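Residue strings, one per chain:
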Amino acid sequence: MAGKRERAKSPEQKERRLSSRVQELRQKERDEKERLARERVNFLSDQSSKLCDDETESHANKEEEDAVPVSTNERTLTTTMRKGKNKSLAFYANDEDPHLKVRRNLRFFNTQYLLMVQAKLSRPDLKGITEVMKANAVLYPRKRIGDLPGIDVGHQFFSRAEMVAVGFHSHWLNGIDFMGTDYQTEYSDYHFPLATSIVMSGQYEDDLDNADVVTYTGQGGHNLTGDKRQYKDQELLRGNLALKNCFADKVPVRVIRGHDCKSSYSKRVYTYDGLYKVVKFWAEKGVSGFTVYKYQLKRMEGQPELTTNQVNFVRGRIPTSTSEIQGLVCEDISKGLESKRIPATNRVDDPPISPSGFTYINSLKIEPNVKIPKSSAGCSCRGSCTDPKKCACARLNDGNFPYVDLNDGRLIEPRDVVFECGPNCGCGPECVNRTSQKRLRFHLEVFRSPKKGWAVRSWDFIPAGSPVCEYIGVLRRTDDVDTLTDNDYIFEIDCQQTMQGLDGRQRRLKDVVVPTDSKASESNGDENVPEFCIDAGSIGNFARFINHSCDPNLFVQCVLSSHHDIKLARVVLFAADNIPPLQELTYDYGYTLDSVHGPDGKVKKLTCFCGAVKCRKRLY
Ligand SMILES: [Zn+2]
Ligand SMILES: [Zn+2]
Ligand SMILES: [Zn+2]
């Protein structure tokens, strides 16, 4: 079961809703822009006064993935942030849920990262962090002991840079993060330096099931440029001393495990494993004969265990054949129409039912009374569109490509409208500006959930900005749908609503420049009422099984490729976050509460089971 936007509200109601919403949002946007500008000025003047460096050994204990020399400039930036005393955190509202803050922080970082990739800069991850700092968007610029709100045990980060962007482990290179003596006044009872978190590397992967006691080797004394061998004694200074002080002061340390993970786009994943206490520390002679410091850490009681899912995906234990799939009720709901099989599983019902009552299609079926406008002119590029100055399609997207050519194409950020290349463009099917038109790239599963009916998840990592699917069904006039009863699979093509960010729940950053020919369809006199919808009631693709969430990991993006009529835009779902395997895929159905009316004219209500911390409790 899934309700998209039902067609049970009157045009008047809908228009009222839109116009007041539009006005309110425009005012909010103006306020926000002003505020951000002010913040930026404050931040920059603040920054200039604290460029000092307490990192003399910041290259110690580095992980292999970071084995790229870093300029002094970049190191200074990292250090500055670690010492940062940002007075205000205006990027976040005070009353905002911490989990949402973390999500917004990571989404913002991801966008900055992708922009740097697009600009072809070296170390786009570090440049991305710099942008997060400039925007005052580091969530925890001051280090803290213990758990950080919004980051639960089991939280997965997809790069060291993500942890720096949040302020969870504020050094992007060192295994040990610690508070320096400048924190002494804040915590007068403790000895400084004092460790806050450690990152353990992949060699501990086999301990995951039995990870309550771990041994950690201190940092320093490694040959950094060559074979990474120990070439001198480690010293009881800095990070090593910080961990010793945690032992003396009985201060808990956050433990993060880094794993190699082939299915992750970054090839690495970092899992927060919880708080540990240092129960023992000692010095010993390492294999090369030099002194190394060792610390035994014990996991504190009363913390959630890492779930099987996390263990499974880290080890890549994803079914490889249909015989491994538990509860299989259908081998491929697409019946061979998609480039990858989409199995359906049911471990809820007894006897298990399989999805039925619909026919699978993978491109829109168009009703005879819907006129698709003539294809627009397109660009004259060859092969793949690469030069935004020469590509007519890039010019429609504020002068640059909305996608970056990474992991088969990723959308940098949600936009009002994305203009893709179309049938009249000179480029080929592999053009990056056709990202949403390419075939299915993830291994998906339709599964039965206890409360929400059918649901969809992926066995692969989905990098933020990846297209997941287009919403496919019958393209019809919305007026023709009213006569149908109880159809929960209607998706109104309401670009106005997505442009306004679903009542402000999902912000769009770009101002759209909709070309005049984008309003091509004959107006029915009311711009705000969606004239067309996609009806997946009886035929459609797997998108019809994706559930609503008040805190979703996908977003709706209107895409124009063959023509420029936004009333007939393609509706494409993109990943808002880096989505780990087996996490249910969801998007915001976009209802406004009390906006749905039954045939009797009464307000209809439907309970929401999304389970988000900030669930609105009702779908409509
Ligand atoms: Zn192109
Ligand atoms: Zn082009
Ligand atoms: Zn083009």
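Residues numbered from 1 in each chain as written. Chains lettered and ligands numbered in written order. Predicted model: local features only at pLDDT ≥ 70, side-chain atom pairs only at ≥ 80, totals over all residues. Heavy atoms only, no water.

As recorded in an unreviewed UniProt entry, the protein goes by Histone-lysine N-methyltransferase, H3 lysine-9 specific SUVH4 and comes from Eruca vesicaria subsp. sativa.

## Quick look at unusual backbone geometry
Rules: A helix here means a DSSP run of H or I that spans at least four residues, while a strand means a run of E at least two residues long, and both kinds are numbered starting from the N terminus. With a 1.4 Å probe rolled over the protein chains alone, any residue whose accessible area is under 20% of its type maximum counts as buried; one over 50% counts as exposed, and the rest are partly exposed.
In this structure, Pro-193 follows Phe-192 across a cis peptide bond, with omega equal to 0°. Locating Pro-193 in the fold gives a position in the loop between strand E2 (176-179) and strand E3 (194-200). With an omega of 0°, the peptide bond between Asp-350 and Pro-351 qualifies as cis. Residue Arg-123 is not a glycine yet carries a positive backbone phi of 45°. Along the chain, Arg-123 falls in the loop between helix H3 (98-118) and helix H4 (124-134). Arg-123 sits in the buried class, given a relative accessible area of 15%.

## Side note on the coordination of the zinc ion (ligand 3)
Reference geometry at the metal: tetrahedral coordination by four donors gives ideal angles of 109.5 degrees; octahedral coordination by six donors gives 90 or 180 degrees. Applied cut-off: Nitrogen, oxygen and sulfur within 2.8 Å of a metal are treated as its donors, or within 3.2 Å for sodium, potassium and calcium (Na, K, Ca); water is not counted, so a site can appear incomplete. The rule is simple: four donors are tetrahedral if all their angles sit between 85 and 135 degrees, four are square planar and six octahedral if opposite donors span more than 155 degrees and the others lie between 65 and 115, and anything that fits none of that is irregular.
Of the protein atoms, only Cys-379 (SG), Cys-393 (SG), Cys-421 (SG) and Cys-425 (SG) coordinate the zinc ion (ligand 3), at distances of 2.3 to 2.4 Å. Classification of the site at the zinc ion (ligand 3) rests on its four donor atoms, whose angles at the metal span 92 to 120°, yielding the label tetrahedral. Mapped onto the sequence, the donors of the zinc ion (ligand 3) take the spacing C-x13-C-x27-C-x3-C. A separation of 3.7 Å is found between the zinc ion (ligand 3) and the zinc ion (ligand 1), which are bridged by Cys-421.

## A look at the side chain of Glu-96
Let me state the cut-off plainly: What qualifies as a polar contact is a pair of N or O atoms within 3.5 Å, subject to a donor-acceptor requirement within protein and to the restriction that residues adjacent in sequence count only when both atoms come from side chains. We call two residues contacting when some pair of their heavy atoms lies within 4.5 Å.
Tracing the backbone through its elements, the reader meets Glu-96 in the loop between helix H2 (72-83) and H3. Among the residues examined, Glu-96 registers a relative accessible area of 16% and is labelled buried. A polar atom in the side chain of Glu-96 sits 3.0 Å from the backbone nitrogen of Ala-93. Engagement of the side chain of Glu-96 in a polar contact is seen with the side chain of Arg-104, the distance being 2.8 Å. Once you skip the residues sitting within four places of it in the chain, Glu-96 turns out to touch Lys-101 and Arg-104.

## Topic: helix H6 (residues 238-249)
Each full turn of the α-helix corresponds to 3.6 residues, which orients residues three or four apart in the same direction. Quick reminder of the rule: Multiplying one less than the number of residues by 1.5 Å gives the expected span of a helix.
For H6, which comprises twelve residues, the first-to-last C-alpha distance of 16 Å matches the rise-based estimate of 16 Å (1.5 Å per residue) to within 8%. The set of residues buried in H6 consists of Arg-238, Gly-239, Asn-240, Ala-242, Leu-243, Asn-245, Cys-246 and Asp-249. The inward-facing, buried residues of H6 contact E2, E3, strand E4 (213-217), strand E5 (253-260), strand E6 (268-285) and strand E7 (291-299). After H6 finishes, the residue Lys-250 shows a positive phi value of roughly 55°.

## Focus on the side chain of Lys-294
Topologically, Lys-294 is positioned in strand E7. Polar contacts involving the side chain of Lys-294 include one to the side chain of Thr-217, which spans 3.4 Å. Apart from the residues lying within four places of it in its own chain, the contact partners of Lys-294 are Thr-215, Tyr-216, Thr-217, Lys-280, Phe-281, Trp-282 and Glu-284.

## Some points on the coordination of the zinc ion (ligand 2)
The protein atoms donating to the zinc ion (ligand 2) are Cys-379 (SG), Cys-381 (SG), Cys-385 (SG) and Cys-391 (SG), with metal-donor distances spanning 2.2 to 2.4 Å. Every donor counted, the four donor atoms about the zinc ion (ligand 2) form angles of 104 to 115° at the centre, which fits tetrahedral coordination. If you list the donors of the zinc ion (ligand 2) from N- to C-terminus, the spacing comes out as C-x1-C-x3-C-x5-C. If you look at the zinc ion (ligand 2) and the zinc ion (ligand 1), they sit 3.9 Å from each other and are both ligated by Cys-385.

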